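Residue strings, one per chain:
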Amino acid sequence: MSWIINLVPLVALFLWLSWRRRPAIALGSIIPLAFAFPVWIQWVLFDVPAGTIVGAGADLKVLVGTSALLLYCFLPGARFTVRLVACDLAVIALILVHCISDFRVDGISFHPLMRAYGEWYVPYLCGRLAIQTESDWRELWPIIASLSALLGIMAVIEAVSGTNLYELLYGLRPMENTPRDSIRWGLRRAYGPTLNPIYFGVLQLLLLGWSGFAAHQAVRREAAGYWLLAPVPGVLGIICTGSRGPILGCILMCAMAVFLWFPRLRLAFLAMGICLVLGVVVNRDRALNLLEAWSGETSHGANERVVEIDDELKTYSRTRTRLLMFDVYKIAFKRSGLFGFGTTAVTGFPVNVPLGPREAATMEKVPYIDNSYALITLRFGLLGMAAYAGACLLGVWHAARLADYYRGEEMAGLLIMIAAALTSALFVQATVWLAPDFAFPLMWTIGISSGFAVAHRYDEL
């Protein structure tokens, strides 16, 4: 029952902030704070396969978000923006497809409704309601930028000392098919409050945009000079996770920020990006070898790095599995249809989807689906994938479009950094499945972008 011990103070803080400030500010402050609590503190609600806690219940992010949204309805000063924007429609479609998919597989019950509510609706709406006026984002950015720096500092401490502070306070995290101590580049990979270093990296990547805006404010002399250093702990924290995807995501975030900030350079940046992608495609094997060498995977034995797919021997590594899985699961992708195989079939690895006999044998070496879009397709089918991708892309579009509209104004910097953070997260999702550890912050960030779009429509920014 440790979740109650942590939930009560957070809800009390939400009520206090609602009284001292406004409910929107309280909602925008308390939800990011919940990101800093370990995901293994859960209220267990569902049966899941042995060896995993994923999908077992509601962690503190969901519990705090659900409690805050319920209380928000009764607080004086709470506002409800009912006008819909494009991203709202995509999220509504995603929730509907989720329910239909699970109803088709498991029968009609409250479980799919509860999962869809906690997984998509709660984080998205918490973000959407947090931004309603210009004063909202002005009060929130120092809080979220501070959280970004704090998580980065904790990651550095863990990597250097070899001690996870969360495990000291809350007990050892579940293994979840990951080693207790993973070393890369001479440092212990930082797990933070998540179950895997890459999840921690994506979480920090999503918050990095806020600390980047803090530095922007310091440059403009709209904030104290020390905010200029705000992104440093965040970047170091991502490096200390030892995860290549989030590290490359940092580079992409910077490129996207420059792309949005300087309209005259956009064609040149777009051309460079296309050339870079084509170069990687043409030199695919060389690029894969570089990524393997970067993480030290080339030290594996030759026999451990070979799998047979369609009577062809192919080199296997944790890097190449991102590509090999499309061969292993090709039958399942074809049969996923419009609504997929449902949540139960893809809870835990290996997933329970139809495969050919050769693919089933190969799956023993390639059990993971390290691609959010692939797993969403197996889970919810083509319609679910379209709705999810639409929500992500529209989140970027809302922020980028408004950044152009408010160009030259202070708020444009924050919108650019939100769009850049979401873009980098879209890239990293192609290297990792959509783990709850960062899925909630991702949907919350998309909701923040939609909140700006709604406030713009009401002419309150």
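Residues numbered from 1 in each chain as written. Predicted model: local features only at pLDDT ≥ 70, side-chain atom pairs only at ≥ 80, totals over all residues. Heavy atoms only, no water.

### Quick look at the overall build of the chain
Okay, so step 1: Helix and strand counts for the chain come out as 18 helices and six strands.
Okay, so step 2: Considering only residue pairs separated by 6 or more positions, the chain has 74% of its internal contacts joining residues 24 or more positions apart.
Okay, so step 3: Per element, the accessible surface of the chain, about 20000 Å² overall, is 66% carbon and sulfur. (Helix = DSSP H or I, 4+ residues; strand = E, 2+ residues; numbered from the N terminus. Contact = heavy atoms within 4.5 Å. Areas by Shrake-Rupley, 256 points an atom, 1.4 Å probe, with all protein chains shown as cover.)

### Details of the packing of helix H8 (residues 197–219) against helix H10 (residues 244–261)
Okay, so step 1: The interhelical angle for the contact between H8 and H10, taken along N-to-C directions, is 30°, at an axis separation of 10 Å. Pair H8 / H10 crosses with right-handed handedness. Across from Ile 198, Gly 201, Val 202, Leu 205, Leu 208, Gly 209 and His 216 in H8, the residues of H10 making contact are Pro 246, Gly 249, Cys 250, Met 253 and Trp 261.
Okay, so step 2: Its residues assigned to classes, the contact of H8 with H10 shows eight nonpolar, four polar and no charged. (Axes fitted to C-alpha atoms, helices over the stretch in contact; angles between N-to-C directions. Left-handed = near helix turned anticlockwise from the far one by under 90°. Nonpolar A, V, L, I, M, F, W, Y, C, P; charged D, E, K, R; others polar.)

### Here's the deal with unusual backbone geometry
Okay, so step 1: Notably, Trp 185 is not glycine yet its phi reads approximately 60°, a positive angle.
Okay, so step 2: Residue placement: Trp 185 occurs in the loop between strand S3 (183–184) and strand S4 (187–188).
Okay, so step 3: Notably, Arg 221 is not glycine yet its phi reads approximately 60°, a positive angle.
Okay, so step 4: Take Arg 221: it is sitting in the loop between H8 and helix H9 (231–240).

### A look at the environment of Leu 461
Okay, so step 1: Of note, Leu 461 is situated in the segment after helix H18 (436–457).
Okay, so step 2: Once residues within four sequence positions are removed from consideration, Leu 461 is found in contact with Thr 133, Glu 134, Trp 137, Tyr 406, Met 411, Phe 452, Ala 455 and His 456.

### Digging into the packing of aromatic side chains
Okay, so step 1: Considering all chains together, one arrives at 15 aromatic pairs under this definition.
Okay, so step 2: With 5.0 Å between their ring centres and 15° between their planes, Trp 3 and Trp 43 make a pair best called stacked. Residue Trp 3 is located in helix H1 (residues 2–20), and its partner Trp 43 is located in strand S1 (residues 42–44); the two are separated by 40 residues in the primary sequence.
Okay, so step 3: On the accessibility criterion, Trp 3 (12% relative accessible area) is buried.
Okay, so step 4: Taking relative accessible area as the criterion, Trp 43 reaches 39% and is therefore assigned partly exposed. (Phe/Tyr/Trp six-rings, centres within 6.5 Å; stacked < 30°, edge-to-face > 60°. Buried < 20%, exposed > 50% of the residue type's maximum accessible area, 1.4 Å probe, protein only.)

### Examining H18
Okay, so step 1: Its 22 residues place the ends of H18 31 Å apart at the C-alpha level, agreeing with the 32 Å of an ideal helix rising 1.5 Å per residue.
Okay, so step 2: H18 sits mainly inside the fold: 20 of its 22 residues count as buried.
Okay, so step 3: A positive phi of about 60° marks Asp 459, the residue just after H18. (Expected span 1.5 Å × (residues − 1).)

### Points about the confidence of the model for the chain
Okay, so step 1: Residue-level pLDDT values for the chain average 87, and 89% of them are 70 or greater.
Okay, so step 2: Counted against residues more than four places away or in other chains, residues 299–303, with its pLDDT under 50, gives two contacts. (pLDDT = per-residue confidence, 0-100.)

### With respect to the pattern of salt bridges
Okay, so step 1: Evaluated as defined, the whole model comprises 13 salt bridges.
Okay, so step 2: Where Glu 139 meets Arg 21, a salt bridge forms, and the shortest distance between an N and an O atom there is 3.8 Å. Here Arg 21 lies in the loop between H1 and helix H2 (23–35) and Glu 139 lies in helix H6 (residues 134–161), a separation of 118 residues in the sequence.
Okay, so step 3: Relative accessible area serves as the criterion here: at 25%, Glu 139 is assigned to the partly exposed category.
Okay, so step 4: Of the residues examined, Arg 21 reaches a relative accessible area of 52% and is grouped as exposed.
Okay, so step 5: For Glu 167, the salt bridge is made with Arg 173, and the minimal N-O distance between the two is 3.1 Å. For the pair Glu 167 and Arg 173, one class covers both residues: buried.
Okay, so step 6: Through salt bridges that share partners, Arg 21, Arg 22, Asp 136 and Glu 139 make up one connected network. (Salt bridge = Lys/Arg side-chain N within 4 Å of Asp/Glu carboxyl O.)

### As for H6
For an α-helix, the turn length of 3.6 residues means that residues three or four places apart are oriented alike.
Okay, so step 1: Counted at 1.5 Å a residue, the expected span for H6 with its 28 residues is 40 Å, and the 42 Å between its end C-alpha atoms agrees.
Okay, so step 2: Helix geometry: H6 is bent most strongly at Leu 140, by close to 30°, with proline Pro 142 lying one to four residues after it.
Okay, so step 3: Directly beyond the C-terminal end of H6, a positive phi value near 80° is found at Gly 162. (Bend = angle between axes of the 7 residues up to and from the residue.)

### Regarding the nonpolar core
Okay, so step 1: Ranked by internal contacts, the top residues of the largest apolar core, which has 140 residues, are Leu 27, Ile 31, Trp 120, Trp 137, Trp 141, Tyr 388 and Phe 452.
Okay, so step 2: Sort the elements by how many residues they give to this core and helix H16 (residues 372–405) lands first, with 15 residues.
Okay, so step 3: Excluding its chain neighbours within four sequence positions, the residues that come into contact with Leu 27 are Phe 14, Pro 32, Ala 68, Leu 69, Tyr 72, Cys 126 and Leu 129. (Core = buried A, V, L, I, M, F, W, Y, C linked by side-chain atoms within 4.5 Å.)

### Re the side chain of Arg 266
Okay, so step 1: Summarising the element assignment, Arg 266 is placed in helix H11 (residues 266–282).
Okay, so step 2: Reaching out from Arg 266, the side chain makes a polar contact with the side chain of Asp 404 at a distance of 2.8 Å.
Okay, so step 3: The contacts of Arg 266, once residues within four sequence positions are left out, are Phe 259, Leu 260, Asp 404 and Arg 407. (Polar contact = N/O pair within 3.5 Å; in protein donor to acceptor, adjacent residues only side chain to side chain.)

### Observations concerning the side chain of Ser 424
Okay, so step 1: Turning to its location among the elements, Ser 424 is positioned in helix H17 (residues 410–428).
Okay, so step 2: Sequence-distant contacts of Ser 424, that is, excluding residues within four places in its chain, are made with Leu 205, Gly 249, Leu 252 and Met 253.

### Side note on a nonpolar patch on the surface
Okay, so step 1: Taken together, Trp 185, Val 219, Leu 228, Leu 229, Val 232, Val 235, Leu 236, Ile 239, Leu 248, Ile 251, Trp 294 and Phe 427 make up a surface patch of nonpolar side chains, about 1000 Å² in accessible area.
Okay, so step 2: Residue assignment for the nonpolar patch shows that the elements contributing at least two residues are H9 and H10.
Okay, so step 3: When residues of the nonpolar patch are assigned to their parent elements, the largest contribution, four residues, is made by H9.
Okay, so step 4: Relative to the assigned elements, Ile 251 resides in helix H10.
Okay, so step 5: Residue classification places Ile 251 among the exposed residues on the basis of a relative accessible area of 56%. (Patch = residues over 30% accessible without salt bridge, like charges linked within 9 Å, V, L, I, M, F, W, Y side chains within 5 Å.)

### Concerning the environment of Ile 31
Okay, so step 1: Within the secondary structure, Ile 31 sits in helix H2.
Okay, so step 2: It is 7.0 Å that separates the C-alpha atoms of Ile 31 and Val 64, two residues lying 33 residues apart in sequence.

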